[in-house]
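Spelled out, the chains give:
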Amino acid sequence: MHNVVISGTGLYTPAQSISNDELVESFNTYSRRFNDENAAAIEAGEIQPMPESSSAFIEKASGIKSRFVTDKAGILDPDRMVPRIPERSNDQWSILCEMSVKAAQQALERAGKTAADIDGVIVACSNLQRAYPAVAIEVQAALGIKGFGFDMNVACSSATFGIQNAANSVQLGQARAILMVNPEICTGHMNFRDRDSHFIFGDACTAVIVERADQATSAYQWDIVSTKLATEFSNNIRNNFGFLNRTAEEYMTNPDKLFVQEGRKVFKEVCPMVAELIGEHLKENEIEVSEVKRFWLHQANLNMNHLIVRKLLGRDASPEEAPVILDTYANTSSAGSVIAFHKHQDDLPAGSLGVLSSFGAGYSIGSVILRKR
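Quick caveat, the model's predicted, so the values are computed rather than measured.

### Here we look at the sheet that holds strand E6 (residues 177-185)
- With mixed pairing, the 9 strands of this open sheet are ordered in space as E5-E4-E6-E7-E1-E8-E13-E12-E11. Edge positions in the open sheet fall to strand E5 (148-152) and strand E11 (292-297), since each of these has one partner strand only. Strand-to-strand twist in this sheet, taken as the mean axis angle between neighbours without regard to direction, amounts to 25 degrees.
- Where strand E1 (residues 4-12) lies against strand E8 (residues 222-231), 2 bridges are found, and the strand directions are antiparallel. Across the sheet, residue Ile-6 finds its bridge partner in E8, namely Trp-222.
- In the packing of helix H9 (residues 302-313) onto the sheet, contacts are made with E11 and strand E12 (353-360), and the angle to E11 comes to roughly 150 degrees.

The structure is reproduced here in structure tokens:
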């Protein structure tokens, strides 16, 4: 059995960004058109008018101010409201592979590693571009990594579940080091014509190098003290898109083929579950909550994060204790907690304890206790 560290992290961010004001302008243009075109049916009570959105509503509901996106023009076009991402030939690297490679190169550099030092690749994300071949094997080929690769999906918790899988492989001696990447084009599954959710997601990709502690040379090492995972079935966050949709084509364009959620139920049910799991995890490792210097939480909703940390600490957390990146990145699904970790780790002194946690559809919750070397 080997001790295991995270020795490098990487982040790829698309070049384009959409502000709340820009998104609202597009949405409200569509909403007004819909109401004008359906004025008679609305007046007759046959359909409900579409409400308008506002930047103030978005920020109050979520804490989000802007988001990075793969294609801005397609999203903001009121006649389209879907990112335009052209298909690539089978001879080209896929867009998820391309994102993964860019994030991975940064993680490898921080870890002081090359492709020759990596024995496996895990692509862990909410939305895989295709069923097969595995995107992870494509990333492996693009980087020139030997060994193995596989894809996994636990929605927004994919990163923490991926870290545990990577840590297990290294701990057991099945690999010297594993590259775990989270390419998320969340705008592809977003319904930009739904007022309650049109603002939630952005695009990004993160990467993490997990390796044997005795072979790590990086200046950015974090011991993986312990991991803890939990799942509990719920329909409150769901996406029914899949290959069987074509067998019932009359339902293929229904809203449930994109991201749908019961937001209030999710808030009420998930927050106490996350706080309880993290609290139990710390207790199992004989760590007091007060010893934790930083919580890198899943970046879905600012109010959720505030409540979770308040339940753990018994008080409001400072921005340093629970850093927020969703104001500029929005919800990037599995990448969110790793973005927070990537951007807010270097200032902590050696010996500092932190918790990386993600939570989302499933329900799924992951907790990773880290100690800086």
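### Quick word on the UniProt feature "domain: Beta-ketoacyl-[acyl-carrier-protein] synthase III C-terminal" (unreviewed entry) in the chain
- Taking the numbering used here, the UniProt-annotated feature "domain: Beta-ketoacyl-[acyl-carrier-protein] synthase III C-terminal" (unreviewed entry) corresponds to residues 282-371.
- For residues 282-371, the helix share is 31%, the strand share is 24%, and the end-to-end C-alpha distance is 12 Å.

### Some words on helix H1 (residues 20-37)
- For H1, built from 18 residues, the straight-helix expectation of 26 Å at 1.5 Å per residue is met to within 8% by its first-to-last C-alpha distance of 26 Å.
- Among the residues of H1, those classed as buried are Asn-20, Leu-23, Val-24, Ser-26, Phe-27, Asn-28, Tyr-30, Ser-31 and Asn-35.
- Where H1 is buried, its residues meet strand E2 (16-19), helix H2 (39-43), helix H3 (55-62), strand E3 (66-69) and helix H4 (72-76).

### Points about the packing of helix H5 (residues 95-111) against helix H6 (residues 135-143)
- Two numbers describe how H5 lies on H6: the axes approach to 9 Å, and their chain directions differ by 55 degrees. Between H5 and H6, the crossing angle belongs to the class labelled oblique. For the element pair H5 and H6, the recorded crossing hand is right-handed. Residue-level inspection shows Leu-96, Cys-97, Ser-100, Val-101, Ala-104 and Gln-105 of H5 in contact with H6, the latter providing Val-135, Glu-138, Val-139, Ala-142 and Leu-143.
- Within the contact of H5 with H6, the residues separate by chemical class into 8 nonpolar, 2 polar and 1 charged.

### Things to note about the packing of H1 against H3
- It is the contact of H1 with H3, at a shortest axis distance of 9 Å, that shows an interaxial angle of 120 degrees. With respect to their mutual orientation, H1 and H3 come out oblique. For the element pair H1 and H3, the recorded crossing hand is right-handed. Between H1, through Asn-20, Asp-21 and Val-24, and H3, the contact on the second element is made entirely by Ser-55, Ile-58 and Glu-59.

### Focus: empty space enclosed by the protein
- For the structure on display, the rule yields 1 cavity of 30 Å³ or more.
- As a volume, the largest cavity reaches approximately 40 Å³.
- Looking at the largest cavity, the residues that line it are Phe-295, Leu-297, Gln-299, Asn-305, His-306, Ala-322, Pro-323 and Val-324.
- Contributions of two or more residues to the lining of the largest cavity are made by E11 and H9.
- A class-by-class count of the residues in the lining of the largest cavity yields 5 nonpolar, 3 polar and no charged.

### Things to note about the UniProt feature "domain: Beta-ketoacyl-[acyl-carrier-protein] synthase III N-terminal" (unreviewed entry) in the chain
- Those residues carrying the UniProt feature "domain: Beta-ketoacyl-[acyl-carrier-protein] synthase III N-terminal" (unreviewed entry) are residues 150-217 in this numbering.
- End-to-end, the C-alpha atoms of residues 150-217 are 26 Å apart, and along that stretch the chain is 21% helix and 32% strand.

### Comments concerning H9
- In this model, H9 (12 residues) spans 16 Å end to end at C-alpha, consistent with the 16 Å of a helix rising 1.5 Å per residue.
- Where H9 is buried, its residues contact helix H8 (263-284), E11 and E12.
- Near the N-terminus of H9, the side chain that reaches the backbone nitrogen of Asn-303, with its oxygen 2.8 Å away, is that of Asn-301.
- A positive backbone phi angle near 80 degrees is found at Gly-314, which sits one or two residues after H9.

### Some points on the pattern of salt bridges
- Applying the stated criterion across every chain, the model contains 17 salt bridges.
- Between Glu-98 and Arg-88 there is a salt bridge, and its shortest N-O distance comes to 3.2 Å. Remark: Arg-88 occurs in the loop between H4 and H5 and Glu-98 occurs in helix H5; sequence separation between them is 10 residues.
- When its relative accessible area of 32% is taken as the criterion, Glu-98 is described as partly exposed.

### What to know about the pairing of E8
- Pairing analysis gives 9 bridges linking E8 to strand E13 (residues 364-372), with the strands arranged antiparallel. Note that in E13 the partner of Thr-227 across the bridge is Val-368.

### Examining the layout of surface pockets
- Put simply, the second largest pocket is a space of about 160 Å³.
- Those elements that provide at least two residues to the lining of the second largest pocket are helix H7 (158-171) and E8.
- For the lining of the second largest pocket, the leading source of residues is E8, giving 5 residues.
- The residue inventory of the lining of the second largest pocket, partitioned by class, reads 4 nonpolar, 7 polar and 1 charged.

Conventions adopted
- Residues numbered from 1 in each chain as written.
- Predicted model: local features only at pLDDT ≥ 70, side-chain atom pairs only at ≥ 80, totals over all residues.
- Heavy atoms only, no water.
- Pairing = 2+ DSSP bridges.
- Helix = DSSP H or I, 4+ residues; strand = E, 2+ residues; numbered from the N terminus.
- Axes fitted to C-alpha atoms, helices over the stretch in contact; angles between N-to-C directions.
- Contact = heavy atoms within 4.5 Å.
- UniProt positions renumbered as here; feature names shortened; annotations may be inferred.
- Expected span 1.5 Å × (residues − 1).
- Buried < 20%, exposed > 50% of the residue type's maximum accessible area, 1.4 Å probe, protein only.
- Parallel < 35°, antiparallel > 145°, perpendicular 65-115°, else oblique.
- Left-handed = near helix turned anticlockwise from the far one by under 90°.
- Nonpolar A, V, L, I, M, F, W, Y, C, P; charged D, E, K, R; others polar.
- 1 Å grid on protein atoms, 1.4 Å probe; cavity = no way out; pocket = protein on both sides within 12 Å on 5 of 7 lines; lining within 4 Å.
- Points joined across faces, edges and corners; volume = space filled by probe spheres on them.
- Polar contact = N/O pair within 3.5 Å; in protein donor to acceptor, adjacent residues only side chain to side chain.
- Salt bridge = Lys/Arg side-chain N within 4 Å of Asp/Glu carboxyl O.

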